[in-house]
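Working through the structure, step by step
The primary structure of each chain is shown beneath.
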Amino acid sequence: KQGRAVGFRIDEVLLPNGKKGTREYLNHPGAVAVIPVIGKDNIVMVQQYRHPVGEITWEIPAGKLDKGEAPLKSIKRELKEETGYVAGSFGKLLSFWPTSAFANELIHIYVAKNLKPGSIGLDDDEFVQTKIWPLKTLLKFIRQGKIKDSKTIIALLYYWRRCC
(Lines give C-alpha, C1' and ligand atoms only; values in the text may rest on other atoms or scores of the structure.)
Protein backbone atom coordinates (compact mmCIF):
# COMPACT_ATOMS: atom_id res chain seq x y z
CA LYS A 1 0.00 0.00 0.00
CA GLN A 2 1.34 3.46 -0.91
CA GLY A 3 1.81 6.02 1.83
CA ARG A 4 0.44 9.55 1.71
CA ALA A 5 3.40 11.50 3.10
CA VAL A 6 6.32 9.74 1.42
CA GLY A 7 6.75 7.54 -1.63
CA PHE A 8 9.28 5.31 -3.34
CA ARG A 9 10.70 6.20 -6.73
CA ILE A 10 12.62 4.28 -9.33
CA ASP A 11 14.57 6.60 -11.61
CA GLU A 12 16.46 5.65 -14.75
CA VAL A 13 19.89 7.27 -14.64
CA LEU A 14 22.89 7.59 -16.90
CA LEU A 15 25.93 6.08 -15.17
CA PRO A 16 29.48 7.52 -15.43
CA ASN A 17 30.42 4.67 -17.81
CA GLY A 18 27.67 5.74 -20.23
CA LYS A 19 25.34 2.84 -19.43
CA LYS A 20 21.82 3.20 -18.09
CA GLY A 21 20.89 2.06 -14.61
CA THR A 22 18.15 2.48 -12.05
CA ARG A 23 18.14 4.06 -8.62
CA GLU A 24 15.42 3.36 -6.06
CA TYR A 25 14.86 5.82 -3.24
CA LEU A 26 12.39 7.20 -0.75
CA ASN A 27 10.98 10.56 -1.85
CA HIS A 28 10.48 12.54 1.35
CA PRO A 29 9.16 16.11 1.92
CA GLY A 30 11.81 16.84 4.56
CA ALA A 31 11.59 17.04 8.32
CA VAL A 32 12.39 19.14 11.34
CA ALA A 33 13.57 18.29 14.83
CA VAL A 34 14.20 20.39 17.92
CA ILE A 35 16.24 20.21 21.10
CA PRO A 36 13.98 21.85 23.71
CA VAL A 37 16.29 23.16 26.44
CA ILE A 38 15.12 24.01 29.95
CA GLY A 39 17.62 25.88 32.10
CA LYS A 40 21.25 25.26 31.26
CA ASP A 41 21.21 21.67 30.03
CA ASN A 42 17.91 19.89 30.65
CA ILE A 43 16.36 18.51 27.48
CA VAL A 44 12.70 17.65 26.85
CA MET A 45 12.56 14.25 25.15
CA VAL A 46 9.65 12.31 23.69
CA GLN A 47 9.07 8.58 24.01
CA GLN A 48 7.08 6.74 21.36
CA TYR A 49 6.72 3.40 19.65
CA ARG A 50 8.37 3.23 16.22
CA HIS A 51 6.81 0.49 14.10
CA PRO A 52 9.64 0.02 11.54
CA VAL A 53 12.10 -0.95 14.31
CA GLY A 54 9.54 -2.48 16.65
CA GLU A 55 10.77 -0.54 19.67
CA ILE A 56 9.84 2.29 21.99
CA THR A 57 12.37 5.08 21.50
CA TRP A 58 13.55 8.25 23.21
CA GLU A 59 13.92 11.05 20.67
CA ILE A 60 13.94 14.80 20.37
CA PRO A 61 10.59 16.15 19.09
CA ALA A 62 10.34 16.02 15.32
CA GLY A 63 7.99 15.83 12.37
CA LYS A 64 7.59 15.98 8.61
CA LEU A 65 7.34 19.27 6.78
CA ASP A 66 4.00 20.03 5.18
CA LYS A 67 4.23 20.85 1.47
CA GLY A 68 5.71 24.34 1.04
CA GLU A 69 6.05 24.87 4.79
CA ALA A 70 9.05 26.73 6.21
CA PRO A 71 11.11 24.66 8.68
CA LEU A 72 10.78 27.21 11.51
CA LYS A 73 6.98 27.25 11.23
CA SER A 74 6.95 23.45 11.26
CA ILE A 75 9.21 23.15 14.30
CA LYS A 76 7.06 25.55 16.30
CA ARG A 77 4.02 23.39 15.50
CA GLU A 78 5.78 20.10 16.30
CA LEU A 79 7.21 21.37 19.60
CA LYS A 80 3.77 22.47 20.77
CA GLU A 81 1.99 19.33 19.52
CA GLU A 82 4.43 16.82 21.01
CA THR A 83 5.52 18.51 24.24
CA GLY A 84 3.05 21.30 24.95
CA TYR A 85 5.93 23.77 25.21
CA VAL A 86 6.14 27.08 23.38
CA ALA A 87 9.63 28.53 22.94
CA GLY A 88 10.66 32.15 23.38
CA SER A 89 13.60 31.68 21.02
CA PHE A 90 14.81 29.28 18.34
CA GLY A 91 18.23 28.80 16.80
CA LYS A 92 19.10 26.74 13.73
CA LEU A 93 21.84 24.18 14.42
CA LEU A 94 22.26 22.24 11.18
CA SER A 95 20.58 20.36 8.33
CA PHE A 96 21.59 16.90 7.17
CA TRP A 97 20.56 13.89 5.05
CA PRO A 98 20.14 10.95 7.45
CA THR A 99 20.24 8.26 4.73
CA SER A 100 21.35 9.76 1.41
CA ALA A 101 21.98 6.32 -0.09
CA PHE A 102 18.25 5.58 -0.35
CA ALA A 103 16.29 8.71 0.64
CA ASN A 104 16.25 12.41 -0.21
CA GLU A 105 14.99 13.42 3.25
CA LEU A 106 16.64 16.56 4.63
CA ILE A 107 16.25 17.13 8.39
CA HIS A 108 16.56 20.64 9.83
CA ILE A 109 17.64 20.70 13.49
CA TYR A 110 16.82 23.59 15.82
CA VAL A 111 17.37 24.38 19.47
CA ALA A 112 14.50 25.96 21.45
CA LYS A 113 15.00 27.96 24.64
CA ASN A 114 12.95 30.07 27.05
CA LEU A 115 10.25 27.41 27.12
CA LYS A 116 6.80 27.97 28.56
CA PRO A 117 4.66 24.90 29.34
CA GLY A 118 1.25 24.40 27.78
CA SER A 119 -1.02 21.62 26.62
CA ILE A 120 -0.02 18.86 24.22
CA GLY A 121 -1.93 18.65 20.91
CA LEU A 122 -1.05 15.26 19.44
CA ASP A 123 -2.43 13.95 16.16
CA ASP A 124 -4.95 11.10 16.49
CA ASP A 125 -2.32 8.50 15.57
CA GLU A 126 0.40 9.81 17.91
CA PHE A 127 0.99 8.38 21.37
CA VAL A 128 3.86 10.28 22.96
CA GLN A 129 5.14 10.71 26.49
CA THR A 130 7.60 13.42 27.49
CA LYS A 131 10.35 13.51 30.08
CA ILE A 132 13.04 16.03 30.94
CA TRP A 133 16.56 14.61 31.09
CA PRO A 134 19.92 16.24 31.88
CA LEU A 135 22.10 16.41 28.76
CA LYS A 136 24.84 14.38 30.48
CA THR A 137 22.34 11.53 31.04
CA LEU A 138 21.32 11.60 27.39
CA LEU A 139 24.98 11.48 26.31
CA LYS A 140 25.39 8.43 28.56
CA PHE A 141 22.32 6.84 26.94
CA ILE A 142 23.92 7.37 23.51
CA ARG A 143 27.15 5.66 24.66
CA GLN A 144 25.13 2.78 26.14
CA GLY A 145 23.09 2.30 22.95
CA LYS A 146 19.83 3.29 24.65
CA ILE A 147 19.31 6.08 22.13
CA LYS A 148 19.63 4.78 18.56
CA ASP A 149 17.69 7.40 16.61
CA SER A 150 20.13 9.10 14.20
CA LYS A 151 18.60 12.60 14.29
CA THR A 152 18.62 12.55 18.08
CA ILE A 153 22.23 11.35 18.30
CA ILE A 154 23.47 13.86 15.72
CA ALA A 155 21.51 16.74 17.26
CA LEU A 156 22.53 16.07 20.87
CA LEU A 157 26.21 15.51 20.06
CA TYR A 158 26.30 18.61 17.86
CA TYR A 159 24.59 20.68 20.53
CA TRP A 160 26.92 19.35 23.25
CA ARG A 161 30.09 20.09 21.23
CA ARG A 162 28.89 23.49 19.97
CA CYS A 163 26.92 24.91 22.84
CA CYS A 164 28.09 23.40 26.12
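The following paragraphs examine the structure supplied in this document. (Residues numbered from 1 in each chain as written. Predicted model: local features only at pLDDT ≥ 70, side-chain atom pairs only at ≥ 80, totals over all residues. Heavy atoms only, no water.)

The subject of this paragraph is the packing of aromatic side chains. Remark: the centre distance and the inter-plane angle together describe each pair of aromatic rings, the angle taken between the planes. One pass over the structure, following the stated rule, counts 2 aromatic pairs. Each ring, one from Trp58 and one from Trp133, has its centre 5.6 Å from the other, and the planes form 80 degrees; the classification is edge-to-face. Of the two residues, Trp58 sits in strand β5 (residues 55-59) while Trp133 sits in strand β9 (residues 129-134), which places them 75 residues apart along the sequence. When its relative accessible area of 14% is taken as the criterion, Trp133 is described as buried. An angle of 75 degrees between the planes, with centres 4.9 Å apart, marks the rings of Trp133 and Phe141 as edge-to-face. Taken together, the ring pairs connect Trp58, Trp133 and Phe141 into an aromatic cluster. Here Lys131 stacks its cationic end above the ring of Trp133, 4.1 Å away from the centre of that ring. (Phe/Tyr/Trp six-rings, centres within 6.5 Å; stacked < 30°, edge-to-face > 60°. Helix = DSSP H or I, 4+ residues; strand = E, 2+ residues; numbered from the N terminus. Buried < 20%, exposed > 50% of the residue type's maximum accessible area, 1.4 Å probe, protein only. Lys NZ or Arg CZ within 6 Å of the ring centre and 35° of its normal.)

Time to look at the environment of Ile75. With respect to the element layout, Ile75 can be found in helix α1 (residues 71-83). Residues Ile75 and Ala33, spaced 42 residues apart in sequence, show a C-alpha to C-alpha distance of 6.6 Å. Excluding anything up to four places from it in sequence, Ile75 contacts Val32, Ala33, Val34, Phe90 and Tyr110. (Contact = heavy atoms within 4.5 Å.)

By themselves, these are just geometric observations and shouldn't be taken as functional.
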